[in-house]
Amino acid sequence: MRLFAAVLPPAPALEELAAEVAQLKKLPAADRLRWTGRDSWHYTLAFYGEVPDELVPELHERLARAARRRDPYALRIAGGGRFSDRVVWAGADGDRPAMRMLADAASAAGRRTGISMDEQHRPYTPHLTLARNRVPDLDLRPYASALKDFAGVSWTVDALSLVCSHPPVAGEAGKQPRYETVGSWPLGH
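Residues numbered from 1 in each chain as written. Predicted model: local features only at pLDDT ≥ 70, side-chain atom pairs only at ≥ 80, totals over all residues. Heavy atoms only, no water.

## Section: the side chain of S165
Thinking step 1. On the secondary structure map, S165 appears in strand 8 (residues 159-166).
Thinking step 2. With near-sequence residues (within four places) excluded, S165 lies in contact with R2, F4, P177, R178 and Y179. (Helix = DSSP H or I, 4+ residues; strand = E, 2+ residues; numbered from the N terminus. Contact = heavy atoms within 4.5 Å.)

This is the structure:
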């Protein structure tokens, strides 16, 4: 299974973001971007990639342990930016240190399970991918700028989720991966 650990925003936060994305889609050249669907919006904590079936039960145990050791924390979807001219994303505001610690714990759970983790040491940037760009001459700065002042409703992150990514069917243009939550553990319990 292709797996990752994530924080899943609640419906009210997603509704606010959907309204903001509707405004972004009115910007010039927005139709040239590949927009992600609301059902795929999440904050990735750790990406595991293809995980052999025999490792999944241990990963579940280690993620449950990691969740128990972390307290719930406040978060909201806020701001945004771009990764070069490839991705437009919404950011996070709130207890970002707690988010970082949860991401570190989810990564450690993967490594201790025996999953080969990407060991690049770049700073963790909590982000929720909104659109991808495959057009070399499209400037994403206007989209990032439009997100600068966005601030959604605050909520309490109270769970760590394990999500399976199902790739789109080959040959079906414009299809997005489908995500399925295969495990969820309450924080602090």
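Text resumes after the structure shown.
## Here we look at the sheet that holds strand 2 (residues 34-35)
Thinking step 1. Sheet architecture is open: five strands sit in the order 2-6-5-4-7, paired in antiparallel fashion. Edge positions in the sheet fall to strand 2 and strand 7 (155-157), since each has one partner strand and no second.
Thinking step 2. Judged from the two bridges that link them, strand 2 and strand 6 (residues 128-132) form a sheet pairing that is antiparallel. In the strand pairing of strand 6, R34 is matched with R132.
Thinking step 3. Packing of helix 3 (residues 96-113) onto the sheet brings it into contact with strand 4 (73-83) and strand 5 (87-94), and relative to strand 4 it is tilted by some 85°. (Pairing = 2+ DSSP bridges. Axes fitted to C-alpha atoms, helices over the stretch in contact; angles between N-to-C directions.)

## Regarding the environment of P123
Thinking step 1. With respect to the element layout, P123 can be found in the loop between helix 3 and strand 6.
Thinking step 2. We classify P123 as exposed; its relative accessible area is 67%.
Thinking step 3. Spatially, the C-alpha atom of P123 lies 9.4 Å from that of R100, the residues being 23 residues apart in sequence. (Buried < 20%, exposed > 50% of the residue type's maximum accessible area, 1.4 Å probe, protein only.)

## Let's talk about a positive patch on the surface
Thinking step 1. Together, R68, R69, R111 and R112 give the surface a local cluster of positive charge.
Thinking step 2. Of note, R112 is situated in helix 3. (Patch = residues over 30% accessible without salt bridge, like charges linked within 9 Å, V, L, I, M, F, W, Y side chains within 5 Å. Areas by Shrake-Rupley, 256 points an atom, 1.4 Å probe, with all protein chains shown as cover. Salt bridge = Lys/Arg side-chain N within 4 Å of Asp/Glu carboxyl O. Lys, Arg positive; Asp, Glu negative; His and termini not counted. Charge placed at Lys NZ, Arg CZ, Asp CG, Glu CD.)

## Let's talk about the pattern of salt bridges
Thinking step 1. On inspection of all chains with the given rule, the structure shows seven salt bridges.
Thinking step 2. A salt bridge links D85 to R82; its shortest N-O distance comes to 3.0 Å.
Thinking step 3. Residue D104 pairs with R100 through a salt bridge whose shortest N-O separation is 3.2 Å. Of this pair, D104 and R100 both sit in helix 3, four residues apart, roughly one helical turn.
Thinking step 4. Residue D104 is classed as partly exposed on the basis of its relative accessible area, which comes to 36%.
Thinking step 5. For R100, a relative accessible area of 34% puts it in the partly exposed group.

## Some details on the packing of helix 2 (residues 56-68) against helix 3
Thinking step 1. It is the contact of helix 2 with helix 3, at a shortest axis distance of 9 Å, that shows an interaxial angle of 150°. Judged by the angle between their axes, helix 2 and helix 3 are roughly antiparallel. Between helix 2 and helix 3 the crossing geometry is right-handed. Residues E58, L59, R62, L63 and A66 of helix 2 form the contact with helix 3, whose own contacting residues are A105, A106, A109, G110, R112 and T113. (Parallel < 35°, antiparallel > 145°, perpendicular 65-115°, else oblique. Left-handed = near helix turned anticlockwise from the far one by under 90°.)

## Points about unusual backbone geometry
It is generally the case that most residues other than glycine have a negative phi and that most peptide bonds are trans.
Thinking step 1. Notably, A29 is not glycine yet its phi reads approximately 70°, a positive angle.
Thinking step 2. Counting through the fold element by element, A29 comes out in the loop between helix 1 (11-24) and strand 2.
Thinking step 3. Look at A29 and you get partly exposed, because its relative accessible area is 26%.
Thinking step 4. Phi angles above zero are rare outside glycine, and S84 is one such case at about 55°.

What is shown is where atoms sit, not what they do.
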